[in-house]
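# Remarks on the overall topology
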Amino acid sequence: MAHPGPAAGAARASHPGLAEVASAYQRFEPRAYLRNNYAPPRGDLSRPDGVGPWKLGCLARTFATGEVSGRTLIDIGSGPTIYQLLSACAHFEDITMTDFLEVNRQELGLWLREEPGAFDWSVYSQHVCLIEDKGESWQEKERQLRARVQRVLPVDVHQPQPLGAGSGAPLPADALVSTFCLEAVSPDLASFQRALGHITSLLRPGGHLLLIGALEESWYLAGEARLMVVPLREGDVREALVRGGYQVRDLRTYTMPAHLRTGVDDVKGIFFAWAQKAGE
């Protein structure tokens, strides 16, 4: 993991829960996380009631409005996944991916460089091409995403400057995407709210945030790591966004069906939020 610097150390000292979160994530195993969540059964995109089609559909529909566009987009807490940008990449020419963990940034690099052993996202790319129905091949979709990701950077959402100083990312961004990040690294609801405020500082006035996360989840597994999650309800998400200075444009939820409750977490559902930051 990239050295977080003295400011990060001070923040964690003032909130011991943050230090515990950072320590627990040192055992995070990207490949185990990908197997648990993006290979079958959760990675089976052939069932319309599946979690994968639901997430991809929310993103595709939002970008199809044409309202979420611009030049620059930052994906906050990308983890080892790229699916969350498959619809976005047609609308932004400069995309920054970020993660706290070096192992996740390395995993992203494997896919971006098309290296042997990279996780195969082609099923996701095919599904997005199918639902977008633009006549685009999945290979073209992946080429476009690879071409538009300009950098993969460290991030710490618990810092007032989550990307640090001099990151090279153009700021403020026209849009932010964040999936399964804030609730998974926050020891409590107050930390979640503060982290949302920190990432909001990266977004221009009037810019858009697309947020996907877990509902009523308290833990998940990633190999040897058992990670704590702050359990959220739909109302918590809405309140956090409104308090954070956003207009909530869309907020919808998905209930995890029994066949996808596989023992790798205790998640009850998923939320998708499209929010617009207040203008100047």
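Owing to the predicted nature of the structure, the values given are computational and were not obtained by experimental measurement.

Here we take up the packing of helix H4 (residues 51-64) against helix H6 (residues 122-132). Orientation of H4 relative to H6, taken along the N-to-C sense of each, is 50 degrees, at an axis distance of 10 Å. Comparing the axis directions of H4 and H6 gives the class oblique. You can see that H4 and H6 cross each other, and the crossing is right-handed. Of the residues in H6, those touching H4 at Pro-53, Leu-56, Gly-57 and Ala-60 are Tyr-124, His-127, Val-128, Ile-131 and Glu-132.

Where the residue is not glycine, phi is negative for most of them; where a peptide bond is considered, it is trans in most cases. Residue Pro-41 is bonded to the preceding Pro-40 through a cis peptide linkage, with omega at 10 degrees. As for its position among the elements, Pro-41 is in the loop between helix H3 (30-38) and H4. Positive phi outside glycine occurs at Glu-114, with the angle close to 55 degrees. As for its placement among the helices and strands, Glu-114 is situated in the loop between helix H5 (102-112) and H6. Although it is not a glycine, Glu-216 sits at a positive phi angle of roughly 50 degrees. With respect to the helices, strands and loops of the structure, Glu-216 is situated in the loop between strand S5 (203-215) and strand S6 (219-222).

Here we take up the packing of aromatic side chains. A full pass over the atoms with the stated rule returns 13 aromatic pairs. Consider the rings of Tyr-25 and Phe-28, whose centres lie 5.8 Å apart with planes at 25 degrees: the pair is stacked. Of the two residues examined, Tyr-25 and Phe-28, each falls in the buried class. Taken together through their ring pairs, the aromatic side chains of Tyr-25, Phe-28, Tyr-33, Tyr-38, Tyr-83, Phe-119, Trp-121, Tyr-124 and Tyr-220 make up a single cluster. Above the plane of the ring of Trp-111 lies Arg-146, whose end atom (NZ or CZ) is 3.8 Å from the centre. Above the ring of Trp-219, the side-chain terminus of Arg-226 is found at 4.2 Å from the ring centroid.

What follows is about H5. Residue pairs three or four apart in sequence face the same way in an α-helix, which turns once every 3.6 residues. Among the residues of H5, Asn-104, Arg-105, Glu-107, Leu-108, Gly-109, Trp-111 and Leu-112 are the ones counted as buried. Buried residues in H5 make contact with H3, strand S2 (94-99), helix H7 (138-148) and strand S3 (149-154). Where H5 ends, the next residue or the one after it, Glu-114, has phi of about 55 degrees, a positive value.

Glancing now at the UniProt feature "binding site: S-adenosyl-L-methionine" (unreviewed entry) in the chain. The sites that carry the UniProt feature "binding site: S-adenosyl-L-methionine" (unreviewed entry) are, in the present numbering, Tyr-33, Tyr-38, Gly-77, Ser-78, Tyr-83, Asp-99, Asn-104, Asp-156 and Val-157. The greatest C-alpha distance among the residues just named is 24.3 Å, and with 125 residues of sequence between them they are spread in space as well. Non-local contacts of Ser-78, meaning those with residues more than four positions away in its chain, are made with Gln-84, Met-97, Thr-98, Asp-99 and Leu-108. In this structure, Tyr-83 sits in the loop between strand S1 (72-76) and S2. Overall, the relative accessible area of 1% leaves Tyr-83 in the buried class. Apart from the residues within four sequence positions on either side, Tyr-83 is in contact with Tyr-38, Lys-55, Leu-56, Trp-121, Tyr-124, Thr-179 and Phe-180.

The topology assignment puts His-208 in strand S5. Residue class for His-208 comes out buried when judged on its relative accessible area of 4%. Side chain to side chain, His-208 and Trp-274 meet in a polar contact 2.9 Å long. Residue contacts for His-208: discarding those within four places in its chain leaves Glu-67, Val-68, Asp-174, Ala-175, Leu-176, Leu-203, Arg-249, Trp-274, Ala-275 and Gln-276.

Calculation rules
- Residues numbered from 1 in each chain as written.
- Predicted model: local features only at pLDDT ≥ 70, side-chain atom pairs only at ≥ 80, totals over all residues.
- Heavy atoms only, no water.
- Axes fitted to C-alpha atoms, helices over the stretch in contact; angles between N-to-C directions.
- Helix = DSSP H or I, 4+ residues; strand = E, 2+ residues; numbered from the N terminus.
- Parallel < 35°, antiparallel > 145°, perpendicular 65-115°, else oblique.
- Left-handed = near helix turned anticlockwise from the far one by under 90°.
- Contact = heavy atoms within 4.5 Å.
- Phe/Tyr/Trp six-rings, centres within 6.5 Å; stacked < 30°, edge-to-face > 60°.
- Buried < 20%, exposed > 50% of the residue type's maximum accessible area, 1.4 Å probe, protein only.
- Lys NZ or Arg CZ within 6 Å of the ring centre and 35° of its normal.
- UniProt positions renumbered as here; feature names shortened; annotations may be inferred.
- Polar contact = N/O pair within 3.5 Å; in protein donor to acceptor, adjacent residues only side chain to side chain.

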